[in-house]
Amino acid sequence: MKLINTIRTLALAAVAALVGTSAWAELSIPTGNAAEAGGTLNYVITSADELAQLKDIFDNVWNYKTVNVKIANDIDFTGKQYRLPYIGGQGSDNRGTDLKVKIYADVLVTIKGLQYADTGTGDVGLVEHVAASTDSVIIENITLENVEFTTGKASVANGVGAFVGFMEGTELEFVNCHVKGSSIGGAKYVGGMVGYCHANANGSPLGSLTFQGCSVTGVTFGSGRTGGFIGYTLAH
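Each chain carries its own residue numbering, running from 1 in the direction its sequence is written. With pLDDT at 70 or above as the cut-off, local features in this predicted model cover only qualifying residues; side-chain atom pairs require 80 or more to be listed or tallied, and sums for whole chains, interfaces and linings still use all residues. The basis for every side-chain value is the complete set of heavy atoms in the structure, and neither hydrogens nor water enter the calculation.

## Topic: the nonpolar core
Put simply, the rule is: Side-chain atoms within 4.5 Å are what join buried Ala, Val, Leu, Ile, Met, Phe, Trp, Tyr and Cys residues into a set we call a nonpolar core. Relative accessible area decides the class of each residue, using a 1.4 Å probe on protein chains only: under 20% of the type maximum gives buried, over 50% gives exposed, and in between gives partly exposed. Under the scheme used here, helices are H or I runs from DSSP no shorter than 4 residues and strands are E runs no shorter than 2 residues, and both carry numbers assigned from the N terminus. Whether two residues are in contact is decided by their heavy atoms: any pair within 4.5 Å suffices.
Leu51, Phe58, Leu114, Ile139, Phe163, Val164 and Phe174 are the most contacted members of the largest nonpolar core, which has 52 residues in total. Among the elements that line this core, the one with the most residues is strand 5 (residues 100-112), at five residues. If near-sequence neighbours (up to four positions away) are discounted, phenylalanine 174 is found in contact with Ile139, Phe163, Val164, Met193, Val194, Leu209, Thr210, Phe211, Gln212 and Cys214.

## Comments concerning the state of the cysteines
This is how the line gets drawn: By convention in this document, the label disulfide applies to cysteine sulfur atom pairs within 2.5 Å.
Scanning all chains against the criterion turns up zero disulfides. You can see cysteine 177 has no disulfide; the closest cysteine sulfur is in cysteine 214, sitting 5.0 Å from it. Judged by its relative accessible area of 0%, cysteine 177 is buried.

## Some details on the pairing of strand 1 (residues 40-45)
This is how the line gets drawn: Being paired, for any two strands, means DSSP has found at least two bridges between them.
Most of strand 1 sits inside the fold, with six of its six residues counted as buried. Side-chain alternation along strand 1 places Thr40, Asn42 and Val44 on one buried face and Leu41, Tyr43 and Ile45 on a second face that is also buried. Bridge analysis of strand 1 against strand 2 (residues 66-71) gives six bridges, and the strand direction is parallel. Across the sheet, the residue bridging to leucine 41 is valine 67, located in strand 2.

## Quick look at the side chain of threonine 170
The test is simple: In protein, a polar contact requires one atom able to donate a hydrogen and another able to accept it; more generally it is a pair of N or O atoms within 3.5 Å, and residues adjacent in sequence count only if both atoms are side-chain atoms.
Counting through the fold element by element, threonine 170 comes out in the loop between strand 11 (164-168) and strand 12 (171-175). Side-chain polar atoms of threonine 170 contact the backbone oxygen of aspartate 135, separated by 3.2 Å. If near-sequence neighbours (up to four positions away) are discounted, threonine 170 is found in contact with Val130, Ala131, Thr134, Asp135, Ser136, Gly207 and Ser208.

## With respect to the packing of aromatic side chains
The condition that has to hold: For Phe, Tyr and Trp, rings pair up if their centres lie within 6.5 Å, where Trp contributes its six-membered ring, and each pair is then called stacked (planes under 30 degrees apart), edge-to-face (over 60) or tilted (otherwise). Over a ring means this: the NZ of a Lys or the CZ of an Arg is within 6 Å of the ring centre and within 35 degrees of the ring normal.
Across all of its chains, the model carries eight aromatic pairs by this definition. Ring centres of phenylalanine 77 and tyrosine 82 lie 5.6 Å apart, and the angle between their planes is 90°; this geometry places the pair in the edge-to-face category. When its relative accessible area of 0% is taken as the criterion, phenylalanine 77 is described as buried. Measuring from ring centre to ring centre gives 4.6 Å for phenylalanine 166 and tyrosine 196, while their planes differ by 25°; the resulting arrangement is stacked. Of the two residues, phenylalanine 166 is situated in strand 11 and tyrosine 196 in strand 16 (residues 194-198); the sequence distance between them amounts to 30 residues. Given a relative accessible area of 9%, phenylalanine 166 falls into the buried group. A connected cluster of aromatic rings, assembled from ring pairs, spans Phe163, Phe174, Phe211 and Phe229. Geometry around tyrosine 86 places arginine 95 over its ring, the cationic atom sitting 4.3 Å from the centre.

## A look at the confidence of the model for the protein chain
We apply this condition: What pLDDT expresses is the predictor's confidence in each residue, scored from 0 to 100.
Averaged over every residue, the pLDDT of the protein chain is 80; the share at 70 or more is 75%. Predicted confidence is poor over residues 1-25, with pLDDT under 50, and the contacts of this stretch with residues over four places away or in other chains come to 13 contacts.

## Topic: the sheet that holds strand 9 (residues 148-150)
In spatial order, the strands read 6-9-14-19; together these four strands make up an open sheet with parallel pairing. Of all strands in the sheet, those bounded by a partner on one side alone are strand 6 (115-117) and strand 19 (220-221). The pairing of strand 9 with strand 14 (residues 183-185) spans three bridges and is classified as parallel. Bridged to glutamate 148 within strand 14 is serine 183.

Right under this line is the structure:
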């Protein structure tokens with residue numbers, strides 16, 4: 001028995017050494033700025049309850065520089081309360097800066113039934129806002145189905161999109177992403193994938209937005225400036 005316990009202890013130590021600071025975190029979200037500068041956060045999302053914590057993940061990046069969120073399987077979010085994640089911060093903001101973000105699945109998965117009604121003037125999407133302080137975001141192999149997103153004032157320069165409400169001055173790439181049978185509206189700028197693309201907001205470098213193998217089908221849009229993929233693009 002002593003020999004078995006010794007072998008087990010050695011095996012666990014070996015695994016810990018291999019995993020290091022880039023371990024898949026099982027939603028163990030950091031609560032302080034104690035991370036190794038430039039470190040990596042990896043998460044695996046397997047359920048609606050875990051998807052609801054996407055906001056907590058991106059609100060607590062601290063000084064990590066890479067965030068990978070893997071959607072492991074189809075998720076039905078019908079009837080649950082979604083909270084909007086905001087990617088990227090400013091200066092000492094605990095959302096982090098110069099981030100490289102990837103939200104993806106190994107094979108195509110479907111997230112069904114996301115609903116959010118903003119009664120104010122905010123941006124709305126699977127990701128509410130991608131800040132200019134973010135280096136790059138890749139979203140890959142995800143279908144959003146039966147999404148219902150809306151916001152409060154169509155007269156305000158806000159955006160609603162199934163995947164991203166508002167992006168500014170960063171690199172945003174979609175690969176094999178799709179929107180099906182959804183309702184998106186209520187804002188001044190409404191897009192099937194992205195609501196508002198501000199390519200170089202606040203004097204930031206010119207960003208980029210690319211789509212590879214993506215589609216938008218069976219989507220009902222609200223009024224305002226609408227587009228199948230992008231509601232509105234501004235560069236100055």
